[in-house]
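Given next are the chains, with one letter for each unit.
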Amino acid sequence: HYHVDHATPENVLAAVAEKKTHPVIPEYRALDEYVSDGGYEELERLRTSGDWEDVQAKVAEGGLRGLGGAGFPSNRKWGFVRANPGPRYLAVNGDEGEPGTFKDRYFLERDPHLFLEGMLIAGWAVEAQTCFIYMRDEYPAVLHILAKEIEALEAAGIVQPGYIELRRGAGAYICGEESAMIESIEGKRGIPRHRPPYVAQIGVFDRPTLVHNVESLYWVAQIVRYGPQVLNSVEKNGRQGLRSYSVSGRVKNPGVHLLPAGSTILDIVEAAGGMLDGHVLKAYQPGGPSSGLLPASLDDVPLDFDTLQPHGSFIGSAAVVVLSDQDSCRDAALNMLRFFEDESCGQCTPCRVGCEKAVKLMEADTWDRDLLEELSSAMVDASICGLGQAAPNAIRLTMKHFSDEV
Ligand code: SF4
C-alpha cells in the first residue's frame, strides 16, 4: 500500500512506472481532520439526548430516497425496521456494480467519515446491533480506507470494536440486489430471496434489517448536520433535491456531477463539459443498463425518480452513459443483454434462459421483434428479481426508438 496525492491518470501511471502495486490510495479526509471540522458531534448529541423520530422527520423533510436504484423513501424504511422487535441489523449496500455507476466510490474515496457518521446515525435510529458494510472487492482503495478508518473509530472510542463489520463482495453483480447481498453476508451463495417477507422483517440472520446505499447514508449525515434544506432547497423543473449523476461516454469531462434532481440530459452533458469534439448526442442510458437507452429527442425530461416511468425507463442509480452519432444503439443494447446473461444468478428460468435467448435473437442480422416482445413480457412478468424484470428495458426501448438499427 502506498499513497499518492490524487488518483489522477498521471499519478496512477507514475505509480505504475515505479512498479508500485495496487491499490492507489487517494487523498481523503481522515478521522482527525473530520473530527476537527465538527464531525461526530451530531452522533454524540443524538446518542446522549436524541429522539430518533426527530431525525426521521428531518430525513423525510429533506426528501431523501434510496440512492442505490430503488428510490424508496429512507425515513419510511426506518419506521418499518423499528416496527419489528430487535435485535436488528443495518446492512450497507456498497456493491456498486451497476455499469456506469461510480458515485459511491467517489464519496468514499474523498470523505469516508461523512458516510460512516451517517451509517452510525441510521444504526442508532433503528438500534442496530451490528452494522455490516458490504463493499465490492473491485474497490481496493475504498476497502483499505474503510478498514483503516473503522480501526481509527474503534481506537477513538466512537464505536465498540466489532460494531462495524466490513464484508468483501466477490464480484457478482447480483449481490447488489439487497436480499442476495444479505445471503452473501450470511456466507451463502448470493441469490435473491422471494419477497415477502421483506428484509425490514427478516433480513440478515433472519433479523429485521435496515438496508441503505452508501450515498443515502452520506446524505443522512449532511441532513442531520446542516438540516433538510441541504437537499430540499434545490428546485429545478418542478423537482426537488440533488442527484449525483455518474456520467461517462462521449463527454469531455466524465465523472460524478452533483446537479439538481430536475436536470435533463442536456444539463448533464453541459455539466460534463459538453460532447466530445466531432460527436453529436444520439442516445443515453439514464440509470445503468437496467434502464435501457433513450433517444436524444427526449431531452426535456428531468432525470429523476418517477419521471422516466412514462417512457419505459427509470433513473436507477443515475449512471448516465452518453452515446453519440458514432455509436450503435443496437450494439449497446446487445452489450447490455450480454452483461445480464453473464450476471443472471440462474435461480429462475425466465431470466436465466430469457437473457440467453435474447442475446441469440439480438445477434441476428434482423431482430425478430414479435418474439423479442413475447420474451420480454415473460421476463418482466415471471422473473424473481429486478435483474430479469428490468433486462427487457434495453430490448424494448431499442426497438421503439432505434428501429432502423434492428
Ligand atoms: Fe436470479 Fe435473474 Fe431470477 Fe433475479 S431474475 S433471481 S438474477 S435468475
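Below, the structure is looked at part by part. All values reported here derive from a predicted model rather than from experimental measurement.

Below, the discussion takes up the overall build of the protein chain. Counting secondary structure elements, the protein chain contains 17 helices and 13 strands. Over its C-alpha trace the protein chain gives a radius of gyration of 21 Å, about what one expects of a compact globule, namely 22 Å for 406 residues. Summarising its shape, the C-alpha atoms of the protein chain cover approximately 65 × 50 × 50 Å along the three principal directions. Look at the contacts in the protein chain between residues 6 or more apart in sequence, and 68% of them connect residues 24 or more apart. Of the roughly 17000 Å² of accessible surface on the protein chain, 49% is carried by carbon and sulfur atoms. The averaged location of the 58 negative side-chain charges in the protein chain is 3 Å from the averaged location of its 38 positive side-chain charges.

Let's shift gears to the pairing of strand β5 (residues 164–168). In this structure, strand β4 (residues 128–135) lies alongside β5, joined through five bridges in parallel fashion. Pairing of Y134 across the sheet is with R167, part of β5. On the question of chirality, the crossover connecting β4 to the parallel β5 by way of helix α8 (residues 140–155) is right-handed.

If you trace the five strands from one edge of the open sheet to the other, you get β10-β9-β13-β11-β12, paired in mixed fashion. Looking at the sheet topology across the chains shown, the edges are occupied by β10 (255–260) and β12 (294–295). Sheet topology note: the strand β9 (residues 242–249)/β10 ladder contains six bridges and is antiparallel. Looking at the pairing, S246 lines up with V256 of β10.

Turning our eyes to something else, we now look at the environment of V204. Locating V204 in the fold gives a position in the loop between α9 (178–185) and β6 (209–213). On the basis of relative accessibility, which here comes to 0%, the residue V204 falls in the buried class. Distance in space between the C-alpha atoms of V204 and R88 is 8.6 Å, their sequence separation being 116 residues. Ignoring sequence-local partners within four residues, the contact set of V204 consists of Y89, A91, F132, I182, I185, E186 and T209.

The final tally for this structure, using the stated rule, is 28 salt bridges. R29 is the salt-bridge partner of D111, the closest N and O atoms lying 2.9 Å from each other. Taken together, the residues D111 in the loop between α6 (103–108) and α7 (112–125) and R29 in the loop between β2 (24–25) and α2 (31–36) connect sequence positions 82 residues apart. Among the residues examined, D111 registers a relative accessible area of 11% and is labelled buried. The shortest N-O distance in the salt bridge between D137 and R168 comes to 2.7 Å. Here the residue D137 occupies a position in the loop between β4 and α8, and R168 occupies one in strand β5, the gap between them amounting to 31 residues. Looking at D137, the relative accessible area reads 29%, which means it is partly exposed.

We now examine the site of the ligand. Taken together, the neighbourhood of the ligand is formed by 13 residues, with C345, Q347, C348, C351 and C385 sitting nearest. More than half of the atoms belonging to the ligand lie within 2 Å of the grid points that define the largest cavity. Class assignment for the residues of the shell around the ligand results in eight nonpolar, five polar and no charged.

Across the sheet, four strands lie side by side as β5-β4-β3-β6; this open sheet has parallel pairing. The open sheet terminates on both sides in strands that have one partner only, identified here as β5 and β6. Neighbour-to-neighbour, the strand axes of the sheet open up by a mean angle of 20°, direction not taken into account. Along the sheet, helix α10 (residues 214–226) makes contact with β3 (88–94), β4 and β6, crossing β6 at roughly 90°.

Here the focus is the packing of aromatic side chains. Applying the stated criterion across every chain yields a total of eleven aromatic pairs. Relative to Y218, the ring of F107 has its centre 4.2 Å away and its plane inclined at 35°; by these criteria the two rings are tilted. Taken together, the positions of F107 in helix α6 and Y218 in helix α10 put the pair 111 residues apart, joining distant regions of the chain. In terms of burial, F107 and Y218 fall into one category: buried.

Most of strand β11 (residues 281–285) sits out of view: four of its five residues are buried. The pairing of β11 with strand β13 (residues 319–324) spans four bridges and is antiparallel. Counterpart to Y284 in the pairing with β13 is V322. Strand direction decides the pairing type here: β11 and β12, joined by two bridges, are antiparallel. Considered in β12, the bridge of Y284 is made with L294.

Now for the environment of F314. Its place among the elements puts F314 in the loop between β12 and β13. Judged by its relative accessible area of 25%, F314 is partly exposed. On a C-alpha basis, the gap between F314 and Y89 in space is 29 Å, while along the polypeptide they are 225 residues apart. When sequence neighbours within four positions are dropped, the list of residues in contact with F314 reads P286, G287, S290, S291, L308, A390 and N393.

To continue, consider helix α13 (residues 329–343). Between its first and last C-alpha, α13 extends 21 Å over 15 residues, near the 21 Å set by a 1.5 Å rise per residue. Along α13, the residues that are buried comprise C329, R330, A332, A333, L334, M336, L337, F340 and E343. Where the residues of α13 are buried, they touch β11, β13, α14 (349–363), α16 (386–390) and α17 (392–401).

Looking now at unusual backbone geometry. Following G86, the chain continues into P87 via a peptide bond in cis, with omega recorded as 0°. Position of P87 relative to the elements: it lies in the loop between α5 (74–82) and β3. Residues P196 and P197 are joined by a peptide bond in cis, for which omega reads 5°. Looking at the element boundaries, P197 is found in the loop between α9 and β6. The phi dihedral of E127 is positive, around 55°, even though this residue is not glycine. Topologically, E127 is positioned in the loop between α7 and β4. Backbone geometry places F205, a non-glycine residue, at a positive phi of 50°.

Cut-offs and rules
- Numbers given for residues are sequential positions, taken from 1 along each chain in its written order.
- Whole-chain, interface and lining totals are the exception, using all residues; otherwise, since this is a predicted model, local features are given only for residues with pLDDT of at least 70 and side-chain atom pairs are given and counted only at 80 or more.
- Each side-chain value is derived from all of the structure's non-hydrogen atoms; neither hydrogens nor water enter the calculation.
- Every helix listed is a DSSP run of H or I at least four residues long, and every strand listed is a run of E at least two residues long, numbered separately from the N terminus.
- Here the radius of gyration uses the C-alpha set of atoms, whereas the globule reference equals 2.2 Å times the residue count to the power 0.38.
- Contacts: residue pairs with any heavy atoms within 4.5 Å of one another.
- Reported accessibility uses the Shrake-Rupley method at a 1.4 Å probe radius. Residues are deemed covered only where the shown protein chains occlude them.
- Counted charges follow a simple rule, with Lys and Arg positive, Asp and Glu negative, and His plus the chain ends left uncounted.
- Charged side chains are reduced to one point each, which is NZ for Lys, CZ for Arg, CG for Asp and CD for Glu.
- At least two DSSP bridges between two strands are required for those strands to pair.
- If the strands point away from the viewer and the path from the first strand over the helix to the second runs clockwise, then the crossover is right-handed.
- Buried means the residue's accessible area, taken with a 1.4 Å probe over protein chains only, is under 20% of the maximum for its type, while exposed means over 50%, and partly exposed covers the values in between.
- Put simply, a salt bridge is a Lys or Arg side-chain nitrogen that is within 4 Å of an Asp or Glu carboxyl oxygen.
- We call a residue near a given molecule or strand whenever any one of its heavy atoms falls within 4 Å of it.
- Put plainly, a pocket is an open set of points on a 1 Å grid over the protein atoms alone with protein on both sides within 12 Å along at least five of seven lines, a cavity is a set where a 1.4 Å probe fits but cannot get out, and a lining residue has an atom within 4 Å of a point.
- Assignment to a cavity or pocket requires that more than half of a molecule's atoms be within 2 Å of the site's grid points.
- Following the grouping adopted for this structure description, the nonpolar residues are Ala, Val, Leu, Ile, Met, Phe, Trp, Tyr, Cys and Pro, the charged ones are Asp, Glu, Lys and Arg, and the polar ones are all others, Gly among them.
- In this analysis, axes come from line fits to C-alpha atoms, helices being fitted only over the stretch in contact, and the angle between any two N-to-C directions falls in the range 0 to 180 degrees.
- Whether two aromatic rings pair depends on their centres lying within 6.5 Å, for rings of Phe, Tyr and Trp, where Trp uses its six-membered ring; planes under 30 degrees apart make the pair stacked, over 60 edge-to-face, and the rest tilted.
- In this analysis, the expected span of each helix is defined as 1.5 Å times one less than the number of residues it contains.

In short, geometric facts, not functional conclusions.
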